[in-house]
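One letter stands for each residue in the lines below.
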Amino acid sequence: MVHLPGLPVYAHVMSVFAAGEGYVSRCWSVSADDCRYEAIACWYKAARPFRDARQQLAGAEVVSVSAQHFWKMLQCKSQALISL
């Protein structure tokens, strides 16, 4: 999927990104159970992993179309969370 800078960097970025997605998923789950304060806490916890993944990916050279799509998705999610 990502040709440069290589699989190790991509794997690390995806690990961090997956942590953020986990918090967003937890946010969705607890909000469905009407646990407002826990949902808000999870939403804010998701911001850091997305921000970290965005910074790491910004420093890497991205060459594949799939990686560019991932980058755009990451920018959208992190901007939404950072603006809170």
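In this text, all values refer to a predicted model and were calculated from it rather than measured experimentally.

K.L.:
Help me out: how do you make sense of the overall build of the protein in this one?
P.N.:
Tallying secondary structure elements over the protein gives three helices and zero strands in all. Counting from the amino terminus, helix and strand elements in the protein follow one another as α-α-α. Within the protein, buried positions represent 30% of all 84 residues. Counting contacts in the protein only where the partners sit at least 6 residues apart, residues at least 24 apart contribute 68% of the total. Surface exposure of the protein reaches about 5500 Å², of which carbon and sulfur atoms provide 59%.

K.L.:
Hey, could you run me through the nonpolar core in this one?
P.N.:
In summary, soluble globular proteins display a tendency toward joint burial of nonpolar side chains. In this structure, V13, V16, F17, A46, F50, A53 and L57 together form the largest nonpolar core, which totals seven residues. Where this core is concerned, the elements lending two or more residues are α1 (7–32) and α2 (36–58). The greatest single-element share of this core, amounting to four residues, is contributed by α2.

Cut-off values and rules
All residue numbers refer to position in the chain's written sequence, counted from 1. Per-residue local features of the predicted model are confined to residues with pLDDT of at least 70, and side-chain atom pairs are confined, for both listing and counting, to 80 or more; whole-chain, interface and lining totals are unaffected and use all residues. Calculation of side-chain values draws on the structure's entire complement of heavy atoms; hydrogens and water are dropped beforehand. Numbering of helices and strands runs from the N terminus, with a helix taken as a DSSP run of H or I at least four residues long and a strand as a DSSP run of E at least two residues long. In this scheme, a residue with accessible area under 20% of its type's maximum is buried, one over 50% is exposed, and one in between is partly exposed, where area comes from a 1.4 Å probe on protein chains only. The criterion used for residue contact is that any of the two residues' heavy atoms lie within 4.5 Å. Each accessible area is a Shrake-Rupley estimate made with a 1.4 Å probe; only the visible protein chains count as cover when residues are assessed. Put simply, a nonpolar core is a bunch of buried Ala, Val, Leu, Ile, Met, Phe, Trp, Tyr and Cys residues held in one set by side-chain atoms that sit within 4.5 Å of each other.

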